[in-house]
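Read off the chains here:
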Amino acid sequence: MKRTILGLDLGTNSIGWGLIKLDDQNQEAEGGITAAGVRIFQETTDSKSKEPKNQSRREKRGMRRTIARRTRRHRHLQNILRQAGILPDDDKKVEEIMTIGELACNPYLFRKKGLDERLELREFGRVLCHLNQRRGFQSNRKAGSKSSEDSEYKKMMAELEQAIKSKGYRTVGEYLANLDPSESKRMKHTTRDMYKDEFDLIWDKQVTYYPEVLTPELKVRCWKAIFFQRPFRVSGKHVGMCSLEPKNKRAMKASILAQHVRMWQEINNMRRIDPLTYAEIDLTADQKETLFKHLDERKEATFDQLRKKLGFHENEHFNLENGKRKGLKGNTTFHAIKATLDKLKPDKNKWKDLSTEQRQQLAEDLITCASDQEKGLLKRLQTFWGYDEDTAVKLAEVRLDDGYANLSAKAMHKILPYLEKGCMYRDACQKAGYFNPDQPPSNATLEEHLREMRNPIVAKALRQTMKVVRAIVREHGKPDEIVIEMARDLKLSGRKKEEADKRRFENERNNNRVRDILEKEFGMKPSRTDIIKYRLWEECNYCPYTGVVIEREQLFSGEVDIEHIIPYSRSLNDSYMNKTLCMAEENRMIKRNKTPWEAYGHDEKRWQAMLQAIKKFPYPKRQNFTKRVLDTDFVTRQLNDTRYICTAVKSFFEDQGYKVRVSKGQLTSLLRSKWDLEHILGTKADGKKSRDDHRHHAIDAIVTACVSQGMLQRISRESSRLRPGEQLRDRVFRPDEPWTGFKMDVKRVIEEIVVSHQPMRGIRGALHQETAYGLRAGDPNAPKREFVHRVPVDSLTNAQLNKIIDPVVRALVVSHRSEIDHLKQQLKQAKRGYDDALKEVIQSKLQKAQEGLKHKDGVTPIKTVRIVDRMSVSTLFGVPDSRGNLYKYYALGSNHHVEIVRNKTTGKHEGRFVTMMEAANRARREGSPIVQYDHGDEWEFVIWLSINDMVQIIDEDTCELYRVQKIDPTNNRVFFRKHHAATLSIDTEGLQLSMSKITNSTCKKLYVDPIGKVREYIDAKNP
């Protein structure tokens, strides 16, 4: 019976797929490739920074909102003061009071004066506006009156508060007013309470002079206008759903239930490692209970503390113990509350008197009351729990764990009893009724799965994968099985990605270091195997099985082998942690194709000697040495080794009723090489697979689909024939092809593939550029007008120097630039002359010059300069003020599409380029299409093109498929790239066509569905 298998090769911006048919009874005799294809889509992160593409825009939008709120707050206070007669109604007079006019007031001096003397009303208004402008820091946490979210800032605030008290000043304003003039009054980290106290003192003094004006009602209004802070928005709609109870939201990490579930999971995962045999021994139920009680009272506990608590010897280690983990995390919620109460007087500390249930209830009260419920929380702490006001405030300020767990409270209640009995997490879930293999698929929608994802990369990949699979099902029917190749470039979190990058960098650095040693000291051109052998010798310069010391000169003499601790033929584990050095004779005659236990376990003396020899090895490598029972079913392990993307995709398709398994990319790479498929699309100079052609993803997908249990067993049989230390990749070895003529079938299918690119027709992204331009006076009918904008001095080009408006500033910038260039030239000459003394002098001058450019006064820095450019008004977007007058301009952003039209009289073609801004405006207008088909009586609409649209370019000799790569209105051109080209190396110049050459006969727009099949020609007026 033939089965249909769909292989998927998933990446951050690509999906390769291959649909094959295999015969279960005689797989080698019959089989075939039904279809294959590639889908390319836009990454959600920047290729260089790896940050979300919209992160910068989101941060700047947040800054704009903050500035707008601050402006509204200032305006609101000024309106209150105007209504009370404290500030004049005239805007110009108010501006003079706030700035440098004749009525200007020095806010610091009047903040000091207002504590003891009478202020003019305008002076008092200026003081209130200044308090509103500064007002100090206040945390947005619960009852966060004095807590700081950063210990460093908190320290600075405390130091400032101490300085104010030590010098006998009453307020922060008085302190700042008495500072030395040379010392800056800014960059002082203040708290909101400092300004509240100063407001009360100044108001109480001035109310004695103006009792009719400064009424209690006005004080309340001014107080709210100055010190009100919008509470942090806590919305339940952003909380994910439980992975076990999809209808319930996840519980908070700080909840006692979540803390206990986490602690029991860690405790049940712990094993004691015997110091003699290195065997992992389960902890007893009493030992686990002891650990739990110990952790439940603490924030954390080191492994040394846990050993001491359990009465273990110092040489007895735990399996969770490694270089990164120093211990286990305890009940951080209980600890935070207890630590706060312990600082109080004994009569106020009621923690010891509370039962376990009461402690949990107190913790739940602190967790569930959000910042906008501060008064309710304080009231409950005082009335229900009986704490005084100061204690209630301190409890409300307790810092608890942020975020949410993976499970809901309902699911945790179900599995916790089984965790407490010592069950592992999955076993506890199964006993609680979850993970039932007989349970029917949930048929959860794609949106329900995406709602749970916080990783935009995975969400985008899953959405595109579903689009591709649905198209395949429509075209070829539902596959019997889906095989997913593990994506190596997708991680679960930023922290893990950072750790992987760090390991990769460290490995590369070590490999380069060893390569230099082998080239210089050994006079050899080292291979990858040579580098690994030398690094293993650095790790251990003796044979762990015999104890024989390996001299450096012996490494490449044939006397020493690289040995796989767990035989490669039985595990296909070629990682560094499964390799060590071994004397060649021992490896080939004694160890052979056995595990260390199988080879030496019968000899107690040799076994103990080996255990002593591997003590300094990393824990994962020691595990391979001491493993007594080998999991021979490596096929299952290979097919279930997944990463986040594969887990998400696998989970979704299993919910849809598909049979899904996962394959390792390492195995795909091996089979692709041995079946000689890498040469189909060409290879690099080093013989590795070329990634210049998008179609290589389809080749990987086809190979992935062919990785069946029978295939893995055949590879296992072949690898068992290898000599000790030899690998399949290094040997002239070719596993049997899935069927006769397999390579020719792959080549034929790959050549027929039309790569499907996700069209970029959506209206998203920046509508205009960030730089603001000001229009200078001039002829309004001129084709180009003069616009002024600011440019940072550091980014000024030589062409922009002459465009600086201020002649004084221009001369300073030119002189400064010339000085730096001259010093750099002198520094080069000093280096050539080996004059160290002169070099140090010039470097000091250069460093001082590069610190920054100053105005003529020698104090004021010049950070940006105003330059003038001549630009067309049609390329800019004007922003009106409140009166409707355009007061600033922005350059338009990217282009959405181009509309190609033909003159009915002359037959000439032209391109009408539509910007993203214009497309957005058309979308806002009701009934207005984004693509304009009516261009007047003289022009006939031909076609419209956007980025990644697929077209067929026809000339006299050829007919090629291209995608639109770039739309260039400046040069009136459209740039095309071959549909399968991933880099310019296989499409060196691409294709550029001016509008006059793009006609309905030379360029036909095509519709390509996600599986890469050209469906039909698109009618020009019905895209």
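Residues numbered from 1 in each chain as written. Predicted model: local features only at pLDDT ≥ 70, side-chain atom pairs only at ≥ 80, totals over all residues. Heavy atoms only, no water.

Peer 1: What is the right way to read the overall build of the protein chain from this model?
Peer 2: When helices and strands are counted, the protein chain shows 36 helices and 29 strands. For the protein chain, with 1023 residues in total, the buried portion stands at 45%. Residue pairs at least 24 apart in sequence account for 65% of intrachain contacts in the protein chain once pairs closer than 6 positions are excluded. As displayed, the protein chain has an accessible area near 55,900 Å², and 47% of this comes from carbon and sulfur atoms. (Helix = DSSP H or I, 4+ residues; strand = E, 2+ residues; numbered from the N terminus. Buried < 20%, exposed > 50% of the residue type's maximum accessible area, 1.4 Å probe, protein only. Contact = heavy atoms within 4.5 Å. Areas by Shrake-Rupley, 256 points an atom, 1.4 Å probe, with all protein chains shown as cover.)

Peer 1: What is the right way to read the packing of helix α10 (residues 285–296) against helix α11 (residues 303–310) from this model?
Peer 2: The packing of two helices is summarised by the inter-axis angle and the distance between the axes. Where α10 meets α11, the closest approach of the two axes is 10 Å, and the angle between their N-to-C directions is 130°. Relative to α11, the element α10 is oriented oblique. Both α10 and α11 take part in a crossing whose hand is right-handed. Here α10 contributes Gln287, Thr290, Leu291, His294 and Leu295 to the contact with α11, which in turn contributes Leu306, Lys309 and Leu310. For the contact of α10 with α11, the residue count by class is four nonpolar, three polar and one charged. (Axes fitted to C-alpha atoms, helices over the stretch in contact; angles between N-to-C directions. Parallel < 35°, antiparallel > 145°, perpendicular 65-115°, else oblique. Left-handed = near helix turned anticlockwise from the far one by under 90°. Nonpolar A, V, L, I, M, F, W, Y, C, P; charged D, E, K, R; others polar.)

Peer 1: Quick question: what am I supposed to make of helix α8 (residues 216–227) here?
Peer 2: An α-helix turns once per 3.6 residues; consequently, residues spaced three or four apart project the same way. Compared with the 16 Å implied by 1.5 Å per residue over 12 residues, the 16 Å span of α8 between its first and last C-alpha is a close match. Inspection of α8 places Leu218, Cys222, Ala225, Ile226 and Phe227 among the buried residues, and these make up the whole buried set. Taken down its axis, α8 places every buried residue within 165° of arc, on the same side. Exposed side of α8, more than 90 degrees from the buried face: Pro216, Glu217 and Lys224 are the residues found there. Its buried side turned inward, α8 meets α1 (55–83), α4 (121–134) and α7 (192–206). (Expected span 1.5 Å × (residues − 1). Arc of directions from axis to C-beta.)

Peer 1: I keep staring at the pattern of salt bridges and nothing clicks. Help me out?
Peer 2: Should the charged atoms of two oppositely charged side chains come close, the side chains can pair. Evaluated as defined, the whole model comprises 42 salt bridges. Each of the salt bridges in this network shares a partner with another, and the network as a whole consists of Glu899, Glu918, Arg922 and Arg925. (Salt bridge = Lys/Arg side-chain N within 4 Å of Asp/Glu carboxyl O.)

Peer 1: Would you mind going over the sheet that holds strand β23 (residues 939–945) with me for this structure?
Peer 2: Strands belonging to one sheet form pairs held by backbone hydrogen bonds; the direction of such a pair is parallel or antiparallel. A sheet is described by the order of its strands in space; here three strands give the open sequence β22-β21-β23, paired in antiparallel fashion. Across the chains shown, the open sheet's two edge strands, defined by having one partner strand only, are β22 (909–915) and β23. Taken over all neighbouring pairs, the strand axes of this sheet differ in orientation by 30° on average, direction set aside. The pairing of strand β21 (residues 895–903) with β23 spans six bridges and is classified as antiparallel. If you follow valine 901 over to β23, its bridge partner there is phenylalanine 941. (Pairing = 2+ DSSP bridges.)

Peer 1: I keep staring at the environment of arginine 977 and nothing clicks. Help me out?
Peer 2: Within the secondary structure, arginine 977 sits in strand β26 (residues 973–978). Here arginine 977 falls in the buried class, since its relative accessible area comes to 7%. As a C-alpha pair, arginine 977 and glutamine 992 span 15 residues in sequence and 9.0 Å in three-dimensional space.

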